[in-house]
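Topology and contacts: notes
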Amino acid sequence: MPFTSRTILQSDFTLFPSDCPIVIDNGGSNFRIGWAGETNPRIVFRNIVQRPRHKATGETVTIVGDHDLALMKYFDCTRSSPRSAFDSNVVYQFEIMEYILDYGFERLGAEGSQIDHPVLITECVCNPVQSRSKMAELLFETYGVPSVAFGVDAAFSYKYNQQLGICDKDGLVVCPGFTTTHVIPVLYRYPIIKEKKGDALWCHFLILLPGFVDGEPVYKACCRTNIGGFHVSDYLKQLLSLKYPHHMSRITWEKVEDLKMEHCFIAPEYASEARLFQKGGKEAEDKTRCWQLPWVPPPVEGLPSEEEIARKAAIKEKQGQRLREMAEAKRSSRINELENELQGLEFLLQQLGSVEEKDIASFLAETGYISKQEIESSRAKVTHSLRKTKGESKGEQVETEEKADPSAAEKYPLINVPDNMLTPEQFKEKKKQLFLKTTSEGRQRAKQKRFEEELERERQNQQDEEKRLENPELYLDQLRAKYQELSVKVEQRKRQRTNGNHTNGNHNFSGGVGRGERLNAAQKERMRLLTTAAFDRGKGEDTFGARDEDWQLYKLMSRDNDDDEEGPDADEAELTRISSRLQDIDPKFVSKAAELGLSQPVVEVPSFRPLTKEDFQIVFGVERFRCPEILFHPNLVGVDQVGVDEMAGVSIRRLPSRSHGLEERMTNSILLTGGSCLFPGMNERLVAGIRMIRPCGSPIRVVRAADPVLDAWRGAAVYAASLQFPGQTFSKEDYYEKGEDWLRRYSLRYTL
């Protein structure tokens, strides 16, 4: 089931006496805090801290535990990921741990920084003395705690379930946690081996194995693997992200955690289960689960009715009418502007004609024009724009321009005047008029040529259409014959241009020629000039460019290049026209380029199908048991360690006494606790794995804790509520007086 936090502020903190202990289950995944003697913790939240920045103010805030998604939209979390105080299962970031303890005590109802209650806090098995010392120092110095006790969470869970009658006095605790998995033997009465020096041996065991007998965990025989629920979730997230890369934003860590707890299971036999999904079939389909992402089906558009078509046509016509009215209004406004501008320019020319020659310069300076020619050029441009706006045909525009165009002598009066009769300013103006005249004449010639070509094209098309209407079959045969004739002629010219009139005795013109044979005479000459330009002075000395005549080479190369860059000839243009004409009137016509496959391939536009409901589904079948399998085979994720079943055998072999009765008592009471033991099939798979390493007929019984998640805190709460608990704690004075070496040997006695 999905994880739910409980962080409601408590108001009864002052009602508890100062000798009532506070119980803290400091797990790698969740932080639980409450009062001794109660059945459930008061406060539960994720053991993480995040420090994002506010998007508006840029201020950094500290968020402990679960964050509200509605609130997080105001913060920038791209540079701040959730951080944990744990490295594997050992606390090492005590700055983060202080944030978590502050939040936990504040939610519990504590006012101020002083906590006047004893604290029982859980830790991992064989916790390093540095981590234990820092935690004790943090509780004593920061919060003023009067006394502290450290205990192992798995041992508290075993003792709590022992009181419930679920497990025996002697047994194994298998604790698959968030980042690690532990196996801890618990012995109620360890038989002392009688030897010659039995007393010395007993003292030796008391030093090395604190709390060894009378229902205490055997720390020397415990075993750990660095695989837990975190790795299962991370493996599942990786597999789903690789399988559905388009939905990576949907596959969040919180959602993967929920999917893991709801759908993952332990396969009784991994290889056979994988073969089942590989073959497919009804059974594999039944075990497959589907996660449907939010999806809105596109609206289905049926065929429109006649009324709808008429309504849309009326709307379209109304819009078109309005656009035409707007265009007409804009055109009228433009015509008025151009007419006013044209009248102003004509009036300006009239005034300029009545001005004396000595006052022309000052008059032009006031109007903003440089010369009379500039005014006339502006008038011509305005006249052309006005005729174009009114919609006159090109022929009428050309005729009007020819009529209105003044003579060259009037437009360029200084061109025919000798240079020795001109002042320097007039000489500059003459050069300018000469350039304007040349440019204008070239533009007029190009315009006239285009106009003539267009008229000729229209006339030819009209003649072709008349011929086709008179005799369509004869016209089509003539057009095909002409197309064949031009095709052969153009192809021969291309071959000559490509092969240089050489065929090497081979009639296949498509290849078989060298580089030199593919060049024409001009290209060969250019290559010769480039090759010999730098080494024609003797002795291979590069002196090109030292003399001015060397640069004449570029002019020669440019002239040759101009000859090469000729446009398409008349035959090619006529062939293109006939081909286009045949394509219009003959549906069976196929051009030569299309027959030879020389035309450019048509790029197919990819067809985009509409997204369906199946595109927003995340289906996982083999992932359901492949991810939890890493608890038994860590090598699937690259961790070279043993699995949970082998850890039980290793822990039994590490016991100081290998008597057959002791081993049977161990395997007859194996308790599963911790959040990662909630997978269905965990008990059966662990039984099958341990049976493989135990002798035939050995009793094997695996039981699950009453509540694998909360039993550790409940066991610690029951333990802290006993009258003998104050004797298991140590105060600040004890910590500073006895030092770190004593703290290393400190061990809680679980049987009181």
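All figures in this text were calculated on a predicted structure; none of them were measured in a lab.

A count of helical and extended segments in the protein chain gives 26 helices and 20 strands. Sorting the 752 residues of the protein chain into buried and exposed places 37% on the buried side. Put simply, 70% of the contacts in the protein chain that link residues at least 6 apart link residues at least 24 apart. Carbon and sulfur atoms make up 52% of the accessible area of the protein chain, which totals about 45,500 Å².

Under the counting rule described, the total for this entry stands at 21 aromatic pairs. An angle of 50° between the planes, with centres 5.3 Å apart, marks the rings of Phe13 and Trp35 as tilted. Here the residue Phe13 occupies a position in the segment before β1 (22–26), and Trp35 occupies one in strand β2 (residues 30–35), the gap between them amounting to 22 residues. Side by side, Phe13 and Trp35 carry an identical accessibility label, which is buried. Three or more aromatic residues joined by ring pairs form one cluster here, namely Phe140, Phe150, Phe730, Tyr735, Tyr736, Trp742 and Tyr746. Cation over ring: Arg685 sits above Phe632, and NZ or CZ is 4.6 Å from the ring centre.

A separate point is the sheet that holds β1. With mixed pairing, six strands are arranged side by side in an open sheet as β3-β2-β1-β10-β11-β20. The sheet is open, and its two borders are formed by β3 (43–46) and β20 (730–731), each paired with just one other strand. Bridge count between strand β11 (residues 147–152) and β20: two bridges; the pairing is antiparallel. Bridge assignment links Ser147 to a residue of β20, and that residue is Ser731.

The nonpolar side chains of soluble globular proteins are, as a tendency, buried together. Counting 68 residues, the largest nonpolar core has Ile22, Ile24, Met97, Leu101, Phe105, Leu120 and Phe730 as its most contacted members. Counting residues per element, this core draws most heavily on helix α2 (residues 94–108), which supplies seven residues. Those residues in contact with Leu101, other than ones at most four positions away along the chain, are Ile24, Phe31, Leu138, Leu139 and Tyr143. With 47 residues, the next largest nonpolar core counts Leu187, Cys223, Leu240 and Val644 among its residues.

Counted by the stated rule, this structure contains 33 salt bridges. Residue Arg459 pairs with Glu456 through a salt bridge whose shortest N-O separation is 2.0 Å. In this pair, Arg459 and Glu456 both sit in helix α15 (residues 424–470), three residues apart, roughly one turn of the helix. Glu456 sits in the partly exposed class, given a relative accessible area of 36%. Two residues, Asp741 and Arg744, come together in a salt bridge whose shortest N-O distance is 3.2 Å. A residue pair is termed a helical-turn pair when its members lie 3 or 4 positions apart in one helix, as Asp741 and Arg744 do in helix α26 (residues 732–745) at three residues.

In low-pLDDT regions, the fine details of the predicted coordinates are not to be read closely. Residue-level pLDDT values for the protein chain average 82, and 82% of them are 70 or greater. In this model residues 560–567 is a low-confidence stretch, pLDDT under 50, and it forms eight contacts with partners more than four residues away in sequence or in other chains.

Looking now at helix α23 (residues 660–667). Residues of α23 that are buried include every one of Leu662, Glu663, Met666 and Thr667, and no others. In an axial view of α23, the angular spread of the buried residues amounts to 130°, which keeps them on one side of the axis. Buried residues along α23 sit against β12 (171–176), β13 (181–187), α22 (644–653) and β18 (670–672).

Here the focus is the packing of helix α3 (residues 129–143) against α26. Running from N to C, α3 and α26 cross one another at 170°; their axes reach a closest spacing of 10 Å. Considered as vectors, α3 and α26 are oriented roughly antiparallel to each other. Residues Val129, Arg132, Ser133, Ala136, Glu137, Phe140 and Glu141 of α3 lie in contact with α26, whose contacting residues are Lys732, Tyr735, Tyr736, Glu740, Leu743 and Arg744. For the contact of α3 with α26, the class distribution of residues is six nonpolar, one polar and six charged.

Attention shifts here to the pairing of β12. Residues in a regular strand point their side chains to alternate faces of the sheet. Of all six residues that make up β12, six are buried, and the element is covered over most of its length. On β12, burial covers both faces: Gly171, Val173 and Cys175 on one face and Leu172, Val174 and Pro176 on the other are all buried. Sheet topology note: the β12/β13 ladder contains six bridges and is antiparallel. When the sheet's bridge partners are listed, Cys175 is paired in β13 with His182. Taken together, β12 and the strand that follows it, β13, pair antiparallel across an intervening segment of four residues. Sheet topology note: the β12/β18 ladder contains three bridges and is parallel. Bridge pairing in β18 places Leu172 opposite Ile670.

Locating Asn47 in the fold gives a position in the loop between β3 and β4 (49–50). Since its relative accessible area comes to 0%, Asn47 is described here as buried. If near-sequence neighbours (up to four positions away) are discounted, Asn47 is found in contact with Asn26, Gly27, Gly28, Ser29, Asn30, Phe31, Arg83, Ser84, Phe86 and Ile100.

Counting along an α-helix, one turn takes 3.6 residues, and residues three or four places apart therefore face a common direction. Taking burial as the measure, the eleven residues of helix α4 (residues 153–163) include nine buried ones, the bulk of the element. Buried residues of α4: Ala154, Ala155, Phe156, Ser157, Tyr158, Lys159, Tyr160, Asn161 and Gln162, and no others. Phi turns positive, to about 80°, at Gly165, one or two residues after α4.

Looking now at the packing of α4 against helix α25 (residues 711–720). Where α4 meets α25, the axes come as close as 7 Å, and the angle between the chain directions of the two elements is 75°. The angle between the axes of α4 and α25 places the two elements in the roughly perpendicular class. Contacts between α4 and α25 involve Asp153, Phe156, Ser157, Tyr160, Asn161 and Gln163 from the first element and Asp711, Ala712, Arg714, Gly715, Ala716, Val718 and Tyr719 from the second. For the contact of α4 with α25, a count of residues per class yields six nonpolar, four polar and three charged.

By secondary structure assignment, the location of Ala110 is in the loop between α2 and β10 (119–123). Its relative accessible area of 12% is what places Ala110 among the buried residues. Separated by 100 residues in sequence, Ala110 and Gln10 place their C-alpha atoms 8.7 Å apart. Discounting chain neighbours no more than four positions away, the residues touching Ala110 are Phe13, Phe105 and Ile115.

Criteria and cut-off values
Residues numbered from 1 in each chain as written. Predicted model: local features only at pLDDT ≥ 70, side-chain atom pairs only at ≥ 80, totals over all residues. Heavy atoms only, no water. Helix = DSSP H or I, 4+ residues; strand = E, 2+ residues; numbered from the N terminus. Buried < 20%, exposed > 50% of the residue type's maximum accessible area, 1.4 Å probe, protein only. Contact = heavy atoms within 4.5 Å. Areas by Shrake-Rupley, 256 points an atom, 1.4 Å probe, with all protein chains shown as cover. Phe/Tyr/Trp six-rings, centres within 6.5 Å; stacked < 30°, edge-to-face > 60°. Lys NZ or Arg CZ within 6 Å of the ring centre and 35° of its normal. Pairing = 2+ DSSP bridges. Core = buried A, V, L, I, M, F, W, Y, C linked by side-chain atoms within 4.5 Å. Salt bridge = Lys/Arg side-chain N within 4 Å of Asp/Glu carboxyl O. pLDDT = per-residue confidence, 0-100. Arc of directions from axis to C-beta. Axes fitted to C-alpha atoms, helices over the stretch in contact; angles between N-to-C directions. Parallel < 35°, antiparallel > 145°, perpendicular 65-115°, else oblique. Nonpolar A, V, L, I, M, F, W, Y, C, P; charged D, E, K, R; others polar.

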